[in-house]
Amino acid sequence: MRLLPSRRSLKRLGYVTLGIGAVAMFVNQYPFLTTRSFPPQAIQPMNHDAPSRQENISKLRDTSQTHPYDVLVIGGGATGCGCALDATLRGLHVALIEGDDFASGTSCRSTKLIHGGVRYLEKAFFNMDINQLKLVYEALRERTVMIHQAPHLCNALPTMLPCYKWWEVPFYYAGLKAYDVVAAASFGTLENSSALTAGEAALQFPTIANRLPTGQQLMGAIVYYDGQMNDARLNVSIALTAATHGAVVVNHTRVSRLLKDPTTGRAIGVHVKDNLTNEEYDIYAKSIINATGPMTDEIRQMGDKSAQPITVPSAGVHITLPDYYSPKNKALIVPKTKDGRVVFMVPWLGQTIAGTTDTVVPVTHEPRAKEADVKFILESLSDYLALDVKRSDVQSVWCGIRPLARDPSAKNSANVLREHSVLIGADGVVTITGGKWTTYRKMAEDAVNALLENNPNLKPLFPCTTETVKLFGAHTYTPFLFASVAQNYRDIFDLEVAEHLAHSYGDRAEVVSHIARQQKLSKRLDDRLPVVEAEVLYASENEYAETVVDFLTRRSRMAFLNLDSARKAVPRVVQIMGDAKKWSTKRRRAEEAEAMRYLEIFTATPEK
Ligand SMILES: Cc1cc2nc3c(=O)[nH]c(=O)nc-3n(C[C@H](O)[C@H](O)[C@H](O)COP(=O)(O)OP(=O)(O)OC[C@H]3O[C@@H](n4cnc5c(N)ncnc54)[C@H](O)[C@@H]3O)c2cc1C
């Protein structure tokens, strides 16, 4: 085991520290450089409410070869919804088709971090790689945009990096100061990082281990800042924002083939199947964006059977633990576990999520974690926590597949760049893949720019304005909204519910609270989580929640937070949703059975 860093690394560290020091002094001298203002901008008029799914379907069925949409987006994850919002705000006539539910793919299964990628900055310095630096810079810039766009769903999150070797304190401090500098240069500072003594670290993160099993003592820690989000709700909110600005967005409708012009070979539309009614129809469009994440190659090969695959699917597993594992507002990162992987432990929606990244997997829409992954996370955590880490504490398990873009020279997925790529197929379809949640807006901007370049007949009315648009629920949101809800609805809600509603719905929390009082739906769906019955009705009528699974996984996050709570809530959710949507007894039974089947993917497959 090597205790001291090599002379070469120390020399590099010296240069890096000097450079950072100089830039940091400059930035500290001019603090205005570190903040960014977003002037409100008048864009497309916005309707207060999104049209119903049925209204949207009628509009979709109304197209023809002579009356096509300007843009049709396939895929309602973060990237696809971002594309629909971008193109709509440019004044184009846009439709979006999602095969399952908005955010039902990778976009609900992330670590929920809005980040520049500290690891990529390390690579940028040690490999002298300007592209990696550009990537971090771009993501840090987007980090600020996202937090500004939806402050009810996103927040800054201090993250502690514990150091068990003496040299790690100056080493990581220098690295994270460099992160601060890149953030400042991108006008995206949240808070500057700081170094802590071992005693201070233990005070701020009481469950941290003072000594590793190897005997190494805690020497100190570095605290740096990134952002955090409620990923699926943010995704749904992007879809709703696009819809309120005029995009026609429809979930549970799958694209089964592309329609082509026989003379030019260009794609002129898609054939779809509504999975809720089994109806099939065609939708015509002048241009098409493929934003189907891990399924990207499936759509590309619908257009061209010989298209070479470009995505490298890479899976990451997370588990949910009770709140007492982490302080309310501090994450923990272990940059290198025994086998070299990164492990995060993050407080999220009142619980703690922990996870790791990167194993190559086959693509499926319902990936499931293996017991070995859960074991690995628990074992890695137990080295770094003073607390006994128990398998019985695991409340939920989930797995997500990253749609990484292929770098032909890379040998494994961990070396694949997190950069996004935009490709234009021979059929004219624009494919956007790779990247990460944090950069969804920039990915969408690049995809729509490429689409416009490739379709000179499309005439946008406005330039890209997504940097300044506020998302659904953010318009009159204030950080003290939870207090108003708690004050006005103290007869029906406790503080935890008031906080949950303000952060989940932003300025719509008042509407949900009103429903709760008027319809006598203020009860929690399960005592362990602050999700109340009124949310089921609100989501069914206002947020395109079409199935019980949509509600339990993407509108509320019950399945991610506590599987047992989600299972217990199923009958009541069926009842409220069934009454709202006038479901038959047969449909209610089918929904209940499907919810129970789907929830199984929040458990790990047992070891053989
Ligand atoms: C474990 C893990 C952790 C991560 N953590 C972070 C993080 O902390 N921060 C971060 O910035 N990024 C993170 N990421 C990356 C991020 O989650 C993804 O880059 C992002 O969610 C991808 O979004 P997407 O819209 O491209 O894909 P998806 O969310 O997968 O969306 C694609 C959509 O296309 C739909 N679709 C597919 N085929 C069809 C069809 N034929 N017809 C209609 N629709 C179709 C699917 O149903 C799906 O909803 C993480 C990824 C993973 C796997």
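A. Representation of the layout of surface pockets. In this structure, the largest pocket occupies an estimated 980 Å³ of space. Contributing to the lining of the largest pocket are 36 residues, with Lys328, Trp348, Leu349, Gly350 and His503 lying nearest its centre. Secondary-structure elements contributing two or more residues to the lining of the largest pocket are strand 4 (154-163), strand 6 (220-229), strand 13 (343-348) and helix 13 (495-505). For the lining of the largest pocket, the element with the highest residue contribution is helix 13, accounting for five residues. Considered class by class, the residues forming the lining of the largest pocket number 16 nonpolar, 12 polar and eight charged.

B. Local environment of the pattern of salt bridges. Counted under the stated rule, the structure contains 35 salt bridges. Across the salt bridge formed by Asp86 and Arg90, the nearest N and O atoms sit 2.6 Å from each other. Under the relative-accessibility criterion, Asp86 is labelled buried at 0%. Two residues, Arg517 and Asp491, come together in a salt bridge whose shortest N-O distance is 2.9 Å. Of this pair, Arg517 sits in helix 14 (residues 509-518) while Asp491 is found in the loop between helix 12 (481-488) and helix 13, placing the two residues 26 residues apart along the sequence. A network of salt bridges, in which partner residues are shared, links Asp100, Asp101, Asp550, Arg554 and Arg555.

C. Structural detail: the packing of helix 4 (residues 118-126) against helix 5 (residues 130-149). Running from N to C, helix 4 and helix 5 cross one another at 150 degrees; their axes reach a closest spacing of 7 Å. When the interaxial angle is binned, helix 4 and helix 5 end up roughly antiparallel. With respect to the hand of their crossing, helix 4 and helix 5 are arranged in left-handed fashion. Each of Tyr120, Leu121, Lys123 and Ala124 in helix 4 lies in contact with helix 5, whose residues at this interface are Gln132, Leu133 and Val136.

D. The arrangement of the environment of Arg300 in detail. Considering the arrangement of structural elements, one finds Arg300 in helix 9 (residues 296-303). When its relative accessible area of 19% is taken as the criterion, Arg300 is described as buried. Placed 125 residues apart in sequence, Arg300 and Gly425 show a C-alpha to C-alpha distance of 7.5 Å. Not counting the four nearest positions on each side in its chain, Arg300 is found in contact with Asn290, Ala307, Gln308, Pro309, Ile310, Leu423 and Thr431. A distance of 2.8 Å separates a polar side-chain atom of Arg300 from the backbone oxygen of Gln308.

E. Fine view of the packing of aromatic side chains. What the rule picks out here adds up to 12 aromatic pairs. Relative to Tyr224, the ring of Tyr179 lies with its centre 5.9 Å away and its plane at 85 degrees, an arrangement referred to as edge-to-face. A residue pair is termed long-range when its members are at least 10 positions apart, and Tyr179 in helix 6 (residues 168-185) and Tyr224 in strand 6 qualify at 45 residues. Taken individually, Tyr179 and Tyr224 each receive the classification buried, so the pair is uniform in this respect. On the basis of an interplanar angle of 35 degrees and a centroid distance of 6.1 Å, the ring pair of Tyr489 and Phe493 is categorised as tilted. Neither Tyr489 nor Phe493 differs from the other in exposure class; each is buried. Grouped by ring-pair contacts, the aromatic residues Trp398, Phe560, Tyr598 and Phe602 constitute a single cluster. One cation-aromatic arrangement involves Lys112 over Trp348; the distance from NZ or CZ to the ring centre is 4.7 Å. The positively charged end of Arg233 is found above the aromatic ring belonging to Tyr505, 4.2 Å away from the centroid.

Calculation criteria
- Residues numbered from 1 in each chain as written.
- Predicted model: local features only at pLDDT ≥ 70, side-chain atom pairs only at ≥ 80, totals over all residues.
- Heavy atoms only, no water.
- 1 Å grid on protein atoms, 1.4 Å probe; cavity = no way out; pocket = protein on both sides within 12 Å on 5 of 7 lines; lining within 4 Å.
- Points joined across faces, edges and corners; volume = space filled by probe spheres on them.
- Helix = DSSP H or I, 4+ residues; strand = E, 2+ residues; numbered from the N terminus.
- Nonpolar A, V, L, I, M, F, W, Y, C, P; charged D, E, K, R; others polar.
- Salt bridge = Lys/Arg side-chain N within 4 Å of Asp/Glu carboxyl O.
- Buried < 20%, exposed > 50% of the residue type's maximum accessible area, 1.4 Å probe, protein only.
- Axes fitted to C-alpha atoms, helices over the stretch in contact; angles between N-to-C directions.
- Parallel < 35°, antiparallel > 145°, perpendicular 65-115°, else oblique.
- Left-handed = near helix turned anticlockwise from the far one by under 90°.
- Contact = heavy atoms within 4.5 Å.
- Polar contact = N/O pair within 3.5 Å; in protein donor to acceptor, adjacent residues only side chain to side chain.
- Phe/Tyr/Trp six-rings, centres within 6.5 Å; stacked < 30°, edge-to-face > 60°.
- Lys NZ or Arg CZ within 6 Å of the ring centre and 35° of its normal.

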